[in-house]
Amino acid sequence: MQKFPPPQMYTVKLSEKEVLNDKFIEFHFELVEPNKIEFIAGQYVSFIVSEKEERRSYSISSSPKLAHGFKITLDITPDGLGVQFFKNLEFGQEVKVLGPLGNFVLQDEPKEDSIVFIATGSGVAPFHSMILDLLQNNSESSTKDTRNITLYWGLRHAEDMIWQDEFQELAQDFPRFQFHPVLSKAQQEWPLCRGHVTDCVGIHDLPENAGFYLCGAKQMIADVQKVLLKRGVQQEAIHYEKFD
Ligand SMILES: Cc1cc2nc3c(=O)[nH]c(=O)nc-3n(C[C@H](O)[C@H](O)[C@H](O)COP(=O)(O)OP(=O)(O)OC[C@H]3O[C@@H](n4cnc5c(N)ncnc54)[C@H](O)[C@@H]3O)c2cc1C
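These remarks concern the structure in this document. What you see is a predicted model, and the numbers here were worked out from it, not measured in a lab.

1. A few points about the site of the ligand
- Neighbouring the ligand are 20 residues; P78, G80, G82, S122 and A125 lie closest to it.
- Elements that contribute at least two residues to the shell around the ligand include exactly β4 (55-59), β5 (69-75) and α1 (81-87).
- Counted by class, the shell around the ligand contains nine nonpolar, seven polar and four charged residues.

If you want it as structure tokens, here you go:
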């Protein structure tokens, strides 16, 4: 059984805002009080985003190694309360955040030899944290995780993609990591997977002893689950986090 760090109310301040493209902005927060956070890759934080104290949740996309701050990666296209709140945040502005929350974390399954991550849109955020943790931090860990890792990530256009270079470099440096971006509105020249993630997951060879982690819109999760179950994956091996 995983031991989850207890959630706390943090005061944090915005230290950096990185516009990654027209779809995604990354927000870096520095902890003010308490000044240290412990979380498990895949967990999220909850911000109060309005005067009526409405909340929105955001997965931590940075590595758990960052103990004095964290990053969240926002899809700005919904443009609702949450997105407006972050767009209006000023550098150095202090805000309250509750975390870490959630139990969408890697299961410790000694029988598994592979992990398959399947995301659409901002659903890749918790996987970014998990992948960094598995590939970069894990080499120092005493309980070294050697599972093969595959990431399927669905987006509409090539221009929507972030972290492409980073994922490709990781795939070069760590042969046990494979990255499959999937575009539903790809240009003619796009050489990789086309369509929806379900199309690729439906036809690619899937590892036998794998844990499947799904994150993004609930419709995608329902569709991918159907495909996986049809292909003989056991329900217990499927873990998911719905973003809407
Ligand atoms: C556990 C958890 C972790 C999350 N992590 C992230 C994250 O790392 N990055 C991130 O960008 N979002 C994340 N989300 C989604 C986030 O909490 C908000 O729901 C989302 O940003 C929209 O909020 P909003 O207030 O801007 O829009 P709202 O005012 O809630 O909605 C505005 C419009 O956008 C639609 N909408 C709502 N949510 C989404 C969505 N996720 N994608 C597309 N359209 C949507 C609504 O149907 C509505 O039409 C997470 C959600 C959960 C539950």
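2. Here we look at the sheet that holds strand β2 (residues 24-33)
- What the six strands build is an open sheet, ordered β4-β3-β6-β1-β2-β5; its pairing is antiparallel. Only two strands of the sheet have a single partner each, and these edge strands are β4 and β5. Going across the sheet, the axis of each strand differs from the next one's by a mean of 40°, ignoring polarity.
- Where β2 and β5 come together, seven bridges link them in antiparallel fashion.

3. Focus: the pairing of β4
- Examined bridge by bridge, strand β3 (residues 44-48) and β4 share five bridges and lie antiparallel to one another. From the neighbouring strand, V45 faces β4, where its bridge partner is Y58.
- Counting the residues between successive antiparallel strands, the hairpin from β3 to β4 contains six residues, one of them, E53, with a positive phi of roughly 65°.

4. A word on the sheet that holds strand β12 (residues 238-242)
- Pairing in this open sheet of six strands is parallel, and the strands run β10-β9-β8-β7-β11-β12 from one edge to the other. Looking at the sheet topology across the chains shown, the edges are occupied by β10 (193-194) and β12.
- Of the strand pairs in this sheet, strand β7 (residues 114-120) and strand β11 (residues 210-216) are connected by six bridges, and their pairing is parallel. Along β11, the bridge assignment pairs I115 with G211.
- On top of the sheet, helix α2 (residues 125-137) reaches β7, β8 (148-155), β9 (177-183), β11 and β12; it is set at about 155° to β8, its chief contact.

5. What to know about the environment of P110
- One can find P110 in the loop between β6 (94-101) and β7.
- Using a count of 5 C-beta atoms within 10 Å as the deciding quantity, one classes P110 as exposed.
- Taking the C-alpha atoms as reference points, P110 and D145, 35 residues apart in sequence, are found 9.3 Å from one another.

What counts as what
- Residue positions are given per chain, counting from 1 as you read along its sequence in written order.
- Side-chain atom pairs in this predicted model are given and counted only at pLDDT of 80 or more, local residue features only at pLDDT of at least 70, and totals for whole chains, interfaces and linings cover all residues.
- Should the C-beta atom of a residue, placed from the backbone, lie within 6 Å of a molecule or strand, that residue is near it.
- Helix numbers and strand numbers start at the N terminus; a helix is a DSSP run of H or I with at least 4 residues, a strand a run of E with at least 2.
- For this classification, Asp, Glu, Lys and Arg are treated as charged, while Ala, Val, Leu, Ile, Met, Phe, Trp, Tyr, Cys and Pro are nonpolar and the rest, including Gly, are polar.
- For two strands to be treated as a pair, DSSP must find at least two bridges joining them.
- Angles here are taken between N-to-C directions and fall from 0 to 180 degrees, while the axes themselves are lines fitted to C-alpha atoms, restricted in helices to the stretch in contact.
- Once C-beta atoms have been placed from the backbone, residue pairs whose C-beta atoms lie within 7 Å are recorded as contacts.
- Buried means a residue has 20 or more other C-beta atoms within 10 Å of its own C-beta, exposed means 12 or fewer, and partly exposed covers the counts in between; C-beta atoms are placed from the backbone.

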